[in-house]
Amino acid sequence: MIKKILAVVFIVVLVFGWIASVAGIGSVGPFTDDLKLGLDFKGGVYVVMEAETEATGAELADAMEQTQMIIERRVNDMGLSEPVVTIEGENKIRVELPGVDDVEEAVATIGKTAQLQFLLADGTLAVDGSQVKTAAVGQDQWGRPCVNLEFTGEGSKAFEEATRIAASRPNTLDPETGIYGNAILIVLDGKLESAPVVDNVITGGNAQITRPDGFDPEEARQLAITIRSGALPVTLHEIETNVIGPSLGIDSLNMSLIAGVIGIGIILILMLVVYRMMGLVADISLLLYVLIVFWILALFSAVLNLPGIAGLVLSVGMAVDANVIIFARIKEEFQNGKTLRVSVDSGFKRALTTVIDSQITTMIAGVVLYQFGSGPVRGFAMTLMIGIVVSIFTAVVVTQVFLKSIERNKTLTKPALFGVKTPIAFKREFSFIKHRKVFYIVSVAIIVVGLVLGSVGGFNYGIDFTGGTKIQLDMGKEVSVQEIQDCIEEFDLDASIVHAGADNHEVIIKTTVALDTAARAEILDDVYETFGLDDSALMSVEQFGPSVGELLKKNAVKSVLIAAVCILIYIIIRFEWKFGVAAIIALAHDVLILLAFYGIFQIPINNPFIASVLVVVGYSINDTIVVFDRVRENRKLMKKNHMEELLDKSINQTLFRSVMTSVTTVVVMVPLLILGGETVKEFIVPMIIGVVAGAFSSITIASPIYYQLCQLTEKRNKYKGK
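Residues numbered from 1 in each chain as written. Predicted model: local features only at pLDDT ≥ 70, side-chain atom pairs only at ≥ 80, totals over all residues. Heavy atoms only, no water.

Before going further, it helps to spend a moment on the overall build of the protein. What the protein contains, in helices and strands, is 20 helices and 17 strands. For the protein, with 722 residues in total, the buried portion stands at 53%. Counting contacts in the protein only where the partners sit at least 6 residues apart, residues at least 24 apart contribute 76% of the total. Carbon and sulfur atoms make up 60% of the accessible area of the protein, which totals about 32000 Å². (Helix = DSSP H or I, 4+ residues; strand = E, 2+ residues; numbered from the N terminus. Buried < 20%, exposed > 50% of the residue type's maximum accessible area, 1.4 Å probe, protein only. Contact = heavy atoms within 4.5 Å. Areas by Shrake-Rupley, 256 points an atom, 1.4 Å probe, with all protein chains shown as cover.)

Quick look at the structure:
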């Protein structure tokens, strides 16, 4: 009775939850109102800046926290929507500004990272920017825009003394500097922002900056922001920039949503066709799963970006996988002669260990990646971990509640309608262990060819790893490469120019040098003027300093290695060391296959590559554990059987599940591959390769390696016995 009540509650939550989420109810808007979109979808800019300082330990941490606070105040004063300023590693600051309208202005404003200073005309430091309490736009006595200053107690005294010195000097213009002798210079980033003259000593800690002809309102606002930002305790320099135009972001979002709906729709139909009534239960669980995941993301104001989508895609596949594991065991129990009711009970019990083990190993990978990753890696890990927790709940609790509620209904639980009469595996049993050398040769051949081609011809590293700048523009018409080259020739750039998009209306300019904000602005201004364009033509900008690639590789390798060690420890505890070693070798195989794929087809190695490696880590381990769990179970039941027979039996029993899970995971990705833009495709193509490689290795590499290890152990024991 309790399970039937819970089933009704789940249905009510599902129906009203989706209505509220999509259309809203009363004063409560749809969940999309609370879901933050990353730059991939909303458009905007992020900048990563590195501190130049010799400080270490607590001193460096304090300096970075102070820097973060000052930059947060600076970007908040810009009036942008939900800016994000975070510390990365020990000495880096990431600034994300979704939805900015004027990209170059935003980059220029947050790029003013040196210390703010008030100098006398002769260059003597008078007041430090940290001594400014506030600065705001006001009006002078004639009603024109000006900037009102208020200093701290210490700053008031310093400023009073500075104005006393300045006022005592002649009001004459220096022909060389163009500065009056009685001026106070406001300098930021080594650049003179303003040089107001001082007529009288200013006391009381308040001052007003005016112009004889009056400030332009925007100039007054920018100057107030500059002064109000205060002094940074460290000097920063820009090492990475990524700008995504609003149109490109909106297109990615719309296409991703459509593709996601199509992919999940296909899975819902597929589950119904294969599992009938159990498939309907799985569909309810999956819809509830998607709803809960998005609610959690909205509740915690998580930022949804492309790596996050990658995590969601993988977690959807794993949510389906949990149901597939359970259903396969129920069908197997029924095929062994048990009643349907008993099959449901025993199927859940037998599948529970497999589901928990497979999800926990993937959760370990997610935790490690989140702890040691940064930026996109963390986004992937966060959505993956949320998805794993929710998938366990929906598969173990929700699915069980519904199946238990209908198992007594004779109409609904007819074997044919319940989907348990159909075969649970392939009719023919394959001898995987016997042909293990063939699988080894195929894998080694692919890896060697890929690595050789990548080493000889050079892997196609993107600017993420090599450093450089990439500018993508929508020209509105086809413009020849030569015309673009002629336009930017004066900048003497080592640049490659290619067409992109429909009808070659888009142009991508890549340079081997990381161009700063000012240099990019000059190039864009020339292109805009030459071809009659404006800021709306800018689709994206990527800029990476040469040190960024090394950091990306270092973090990715470190994360994967630590995740592998943690997974190995867990498997040794739950299984035995031979299972753990075999699983890690299979994982290494999958990563090498993915790298070989990049080498053979010369796909650019960039951030999507890192996301692909993460998918391999998560998916491959999940799939391998399912096979090993069946091996562990069968070993207790088939004690007299040879190891080769035992392993082949276990693989064949889980083969349908492995294929089904791979198909459902790829099904979610294919619509994204077809409908997504170039950026989305860069994520999806290698992810598909990773999923296929993971399924392949779980069947043809992990178990044969375990077999070889068992043989070696047996020979060693015999040798010791002699």
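Following the structure, the description resumes.
Another aspect to go through is the sheet that holds strand β16 (residues 506-511). Taken together, 8 strands build an open sheet; the order of strands is β3-β4-β2-β12-β17-β14-β16-β15 and the sheet is antiparallel. Every interior strand has two partners, whereas the edge strands, β3 (84-88) and β15 (495-500), have only one. Each strand of the sheet is rotated relative to its neighbour by a mean of 20 degrees, with strand direction disregarded. Two strands pair when backbone bridges link them, and β15 and β16 are joined in this way by 6 bridges, in the antiparallel orientation. Within β16, the position partnered with His499 by the bridge is Val507. Relative to β15, helix α14 (residues 481-488) is tilted by about 140 degrees, and along the sheet it contacts β15 and β16. (Pairing = 2+ DSSP bridges. Axes fitted to C-alpha atoms, helices over the stretch in contact; angles between N-to-C directions.)

A cluster of nonpolar residues, Val438, Val442, Ile446, Val449, Leu453, Ile600 and Phe601, forms a patch on the protein surface that exposes about 570 Å² of accessible area. Looking at the nonpolar patch, the elements that each hand over two or more residues are α12 (436-456) and α17 (577-601). For the nonpolar patch, the element with the most residues is α12, which contributes 5 residues. When you line up the elements, Phe601 lands in helix α17. The exposure class assigned to Phe601 is exposed, which follows from its relative accessible area of 56%. (Patch = residues over 30% accessible without salt bridge, like charges linked within 9 Å, V, L, I, M, F, W, Y side chains within 5 Å. Salt bridge = Lys/Arg side-chain N within 4 Å of Asp/Glu carboxyl O.)

A grouping of Glu483, Asp486, Glu489, Glu490, Asp492, Asp516, Glu522, Asp525, Glu529, Asp534 and Asp535 is seen on the molecular surface, where their side chains present a negatively charged patch. At the level of elements, α14 and α15 (517-531) are the ones that each hand at least two residues to the negative patch. The element that contributes the greatest number of residues to the negative patch is α15, accounting for 3 residues. For Asp535, the position within the fold is in the loop between α15 and β17 (538-544). Of the residues examined, Asp535 reaches a relative accessible area of 46% and is grouped as partly exposed. (Lys, Arg positive; Asp, Glu negative; His and termini not counted. Charge placed at Lys NZ, Arg CZ, Asp CG, Glu CD.)

Moving on: the packing of aromatic side chains. Tallying each qualifying case throughout the model produces 14 aromatic pairs. Ring geometry for Phe579 against Tyr706: centres 4.1 Å apart, planes inclined by 5 degrees, an arrangement best described as stacked. Linking Phe579 in helix α17 with Tyr706 in helix α20 (residues 678-721), this pair joins segments that are 127 residues apart in sequence. The cationic tip of Arg632 hangs over the ring face of Phe575; the distance from NZ or CZ to the ring centre is 4.0 Å. (Phe/Tyr/Trp six-rings, centres within 6.5 Å; stacked < 30°, edge-to-face > 60°. Lys NZ or Arg CZ within 6 Å of the ring centre and 35° of its normal.)

What is shown is where atoms sit, not what they do.
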